[in-house]
Amino acid sequence: MINPKDKNLPEIDTQDSQASEHVKLSRRLFLGGGAALVGAGAAGLGGSLLTANVQAAGNSNAAHINVGPGELDEYYGFWSGGHSGEVRILGLPSMRELMRIPVFNVDSATGWGLTNESKAVLGENAPLGGDCHHPHMSMTDGQYDGKYVFINDKANSRVARIRGDIMKTDKITTIPNTQAIHGLRVQKVPYTKYIFANAEFRIPHPNNGLAMDAIDKYYTLFSAVNAETMEVDWQVIVDGNLDNTDADYTGKYAFSTCYNAEGAVDLAGSMRDERDHLVIFNIERIEAAVKAGNFQTLGDSKVPVVNGRKGSDLTAYVPVPKNPHGINTAPGGKYAVANGKLSPTVTVFELAKFDALFDGSIKPRDTVVAEVELGLGPLHTAFDNRGNAYTTLFIDSQICKWDVEKAIRAYKGEKVNYILQKLDVHYQPGHNHTTMGETRDADGKYLISLCKFSKDRFLQCGPLHAENDQLIDISGDEMKLLHDGPTYAEPHDCMIVHRSKVKTAKLYKRDDPTFAGTVAMAKADGVTLETDNKVIRDGNKVRVYMTSVAPSYGMDQFSVKQGDEVTVIVTNLDQIEDVTHGFCMVNHGAQMEISPQQTASITFKADRPGVHWYYCNWFCHALHMEMRGRMLVEPA
Ligand code: CUK
Ligand code: CUA
Ligand code: CA
């Protein structure tokens, strides 16, 4: 399973010799000292790629992750699938991929994006594709409750909800008035009422082509999506743009980093100033303003929009160096950490001071209790349950383990070493995540480093490389690298949930809301899905209702006329766990999954006369190949 000692093998191929040349160069040398910080957007990143440390991890740690055949993992990992538009479930510590959940993408295995049920979730004229970044599970009292997983789509400004019981997407909301929903987090306390969603790009309002040069008039919005209705309850206009977001453990505040306080539309402009900011949102005050009617609406949208720009009492702006990226609340609820990206520092906020900030009794920077240097390119921070923080250093290709309380003392001037260890990772890590680390239940067992580049770590598969998700043991004093896990584009972020928090269904319930629309359609047609095999004609629309029990469909043939719009509705009557059937109409671009006790439907045009076979495409029985039938299309 692991491949520990590659780097000790003789250099036998070109990939290895490439690597050994690079290792001779020091990455600091290439970056050229302090200049690297400013140049990180361009030369710094490129340079560090060429010179990243290729030192291999010694790997006597393999036993830690050996989850034997038939054994179950201790954790579920929910992985963003990046611009593949999906979410993936991995088991930890084995790092085995367990499932893929199509969300914004089209998936022929399940029929996501093809079936009528999934199209109803995606909405009419839904864009095909997405860009997932931040998966987060709903919480109650700061602990995962297993109910939902939420994920953003930066590409098409959407937020989706995945049901924790069936692990399927059940709602997708397009966020109005925005471009590029990036940062996404849930309210942790008292429960996840809101999903907080950052829109990254500033745009003109109205965006009608009349004032495109008035860059100083562009702005963006912070949105609160209601977790149950998946409607946007309110939006807040902000200064600057919005990058990542997190919430506190009182339920009172959410806060977002901004890398472009400059309001620039070009790269150089967005790196001009030494500081950008963190915007803090006072949720109670925003709710009160909305309730009192102190809001506007934008364009066709009915969503209440409040003004949270500088000077508003609904928000506070804390200056932070420089193009900060991740913002992460520590599990104890006392601190949050903003990661400097173009500054080698992280900024630690004491969350209890936010009340005083909003009362006006302290100044914004008084909420900062530490601003300490860790290394080059800090992007995201994760936490254990022992007061330690783990920050990814993108440019240094390292994880920096540091002690939060010691960092605070050092910032006050005490001579104390707050950096505990730096571990090389391979290479250029973005997010990292600890087991249960974004909840009160942080347990400090494993850390995942989501490395953007794998370079020489895996067999190459053409110019496009896998990324490298590395599993690290953090249970002891020292971080230990356990496993390299190749992943497909691009797991920006993940979260790791103890298996006790996840309760999944083995079979569908017949009243599952995901196919309630189809049940209603059958009822209107006088069809009982669980027993009937019937063809209903409605003008040139034909609905073919059939059941399935391994290894056969309820109908092994049906007749339609050329030009008919055919909807096939299959109800899987099998009650045995794991006996999923499929339905595929050959040469018609129609295929789908029907899990036990599920109903699914798909619509296509019968535009060619003759015999057209359909078959089951999920292996279900020794006679799976024989599970098939004929559509007989009479010429027009
Ligand atoms: S982001 Cu990609 S590495 Cu979208 Cu959370 Cu930081
Ligand atoms: Cu039914 Cu394969
Ligand atoms: Ca900036």
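This is a predicted model, so every value here is computed, not measured. (Residues numbered from 1 in each chain as written. Chains lettered and ligands numbered in written order. Predicted model: local features only at pLDDT ≥ 70, side-chain atom pairs only at ≥ 80, totals over all residues. Heavy atoms only, no water.)

Some remarks on the sheet that holds strand β28 (residues 480–487)
Item 1. In spatial order, the strands read β25-β26-β27-β28; together these four strands make up an open sheet with antiparallel pairing. Edge positions in the sheet fall to β25 (429–434) and β28, since each of these pairs with one other strand and no more. Looking at each pair of strands side by side, their axes are set apart by 20° on average, direction ignored.
Item 2. Where strand β26 (residues 446–451) meets strand β27 (residues 467–473), six bridges bridge the pair, whose relative direction is antiparallel. Pairing of Cys451 across the sheet is with Asn468, part of β27. (Pairing = 2+ DSSP bridges. Helix = DSSP H or I, 4+ residues; strand = E, 2+ residues; numbered from the N terminus. Axes fitted to C-alpha atoms, helices over the stretch in contact; angles between N-to-C directions.)

Re the side chain of Glu490
Item 1. One can find Glu490 in the loop between β28 and β29 (494–498).
Item 2. Relative accessible area serves as the criterion here: at 13%, Glu490 is assigned to the buried category.
Item 3. Among the polar contacts listed, one links the side chain of Glu490 to the side chain of Lys452, at a separation of 2.6 Å.
Item 4. Other than its neighbours up to four places away in sequence, Glu490 contacts Ser80, Gly81, Gly82, His83, Cys132, Lys452 and Glu467. (Buried < 20%, exposed > 50% of the residue type's maximum accessible area, 1.4 Å probe, protein only. Polar contact = N/O pair within 3.5 Å; in protein donor to acceptor, adjacent residues only side chain to side chain. Contact = heavy atoms within 4.5 Å.)

With respect to helix α6 (residues 283–291)
Item 1. Inspection of α6 places Ile283, Ile286, Ala289 and Val290 among the buried residues, and these make up the whole buried set. Axial view of α6: buried residues confined to an arc of 125°, hence all on one face.
Item 2. Considering only its buried residues, α6 is in contact with β9 (194–199), β11 (232–238), β13 (253–258), β14 (275–282) and β15 (305–307).
Item 3. Of the residues flanking the end of α6, it is Gly293, one or two places downstream, whose phi is positive at about 85°. (Arc of directions from axis to C-beta.)

Description of the nonpolar core
Item 1. Counting 51 residues, the largest nonpolar core has Phe78, Leu92 and Ile448 as the members making the most contacts within it.
Item 2. Here this core takes five residues from strand β5 (residues 143–153), the largest share from any one element.
Item 3. Discounting residues that sit within four places of it in the chain, Ile448 has contacts with Trp79, Leu92, Met95, His431, Asn432, His433, Gln470, Leu471, Cys494 and Ile496. (Core = buried A, V, L, I, M, F, W, Y, C linked by side-chain atoms within 4.5 Å.)

Observations regarding the layout of surface pockets
Item 1. In this structure, the largest pocket spans a volume of roughly 1200 Å³.
Item 2. Around the largest pocket, the lining is made up of 35 residues, and of these Leu98, Met99, Met167, Thr504 and Ala505 lie nearest the centre.
Item 3. A total of six residues in the lining of the largest pocket trace back to one element, the largest contributor, which is strand β3 (residues 96–102).
Item 4. Residues of the lining of the largest pocket, tallied by class, amount to 17 nonpolar, five polar and 13 charged. (1 Å grid on protein atoms, 1.4 Å probe; cavity = no way out; pocket = protein on both sides within 12 Å on 5 of 7 lines; lining within 4 Å. Points joined across faces, edges and corners; volume = space filled by probe spheres on them. Nonpolar A, V, L, I, M, F, W, Y, C, P; charged D, E, K, R; others polar.)

What about the domain arrangement of the protein chain?
Item 1. Along its sequence, the protein chain is organised into domain 1 (62–501) and domain 2 (513–634).
Item 2. On the domain 2 side, the residues contacting the 11 residues of domain 1 number 15 residues.
Item 3. A combined buried area of about 980 Å² lies between domain 1 and domain 2, and 44% of that area is made up of carbon and sulfur atoms.
Item 4. Looking at the side of domain 1 facing domain 2, the largest losses of area belong to Leu114, Asn116 and Glu117, adding up to 45% of the total buried there.
Item 5. At the boundary of domain 1 with domain 2, the tally comes to one salt bridge.
Item 6. The interface formed by domain 1 and domain 2 holds eight residue pairs in polar contact (both at pLDDT 80 or more) in total. (Domains from an automatic or database assignment. Buried area = accessible area lost by both parts, 1.4 Å probe. Salt bridge = Lys/Arg side-chain N within 4 Å of Asp/Glu carboxyl O.)

Description of the environment of Val502
Item 1. Positionally, Val502 belongs in the loop between β29 and α9 (516–524).
Item 2. According to the relative accessible area criterion, Val502 is buried, its value standing at 8%.
Item 3. A sequence separation of 355 residues divides Val502 from Lys147, and the C-alpha atoms of the two residues are 8.1 Å apart.
Item 4. Setting aside residues no more than four positions away along its own chain, Val502 makes contact with Tyr76, Phe78, Met137, Met167 and Val497.

Quick look at the packing of aromatic side chains
Item 1. For the structure shown, the criterion picks out 16 aromatic pairs.
Item 2. Consider the rings of Tyr194 and Trp234, whose centres lie 5.2 Å apart with planes at 70°: the pair is edge-to-face. You can see Tyr194 sitting in strand β9 and its partner Trp234 sitting in strand β11, a full 40 residues away along the chain. Comparing Tyr194 with Trp234, the two get one shared label, buried.
Item 3. Ring centres of Tyr253 and Phe358 lie 5.6 Å apart, and the angle between their planes is 20°; on these two criteria the pair is classed as stacked. Taken together, the residues span a long stretch of sequence, with Tyr253 in strand β13 and Phe358 in helix α7 (residues 354–359) at a distance of 105 residues. In terms of burial, Tyr253 and Phe358 fall into one category: buried. (Phe/Tyr/Trp six-rings, centres within 6.5 Å; stacked < 30°, edge-to-face > 60°.)

A short note on the environment of Thr174
Item 1. Relative to the elements of secondary structure, Thr174 occurs in strand β7 (residues 168–174).
Item 2. Sequence spacing of Thr174 and Val225 is 51 residues, and the spatial spacing of their C-alpha atoms is 10 Å.
Item 3. Setting aside anything within four residues of it in sequence, one finds Thr174 in contact with Asn156, Ser157 and Arg158.

Here's the deal with the environment of Ala606
Item 1. With respect to the helices and strands, the residue Ala606 is situated in strand β37 (residues 599–606).
Item 2. Separated by 43 residues in the primary sequence, Ala606 and Gly563 place their C-alpha atoms 5.5 Å from one another.
Item 3. When residues no more than four places from it in sequence are discounted, the contact partners of Ala606 are Val560, Lys561, Gln562, Gly563, Asp564, Val566, His588, Met631 and Val633.

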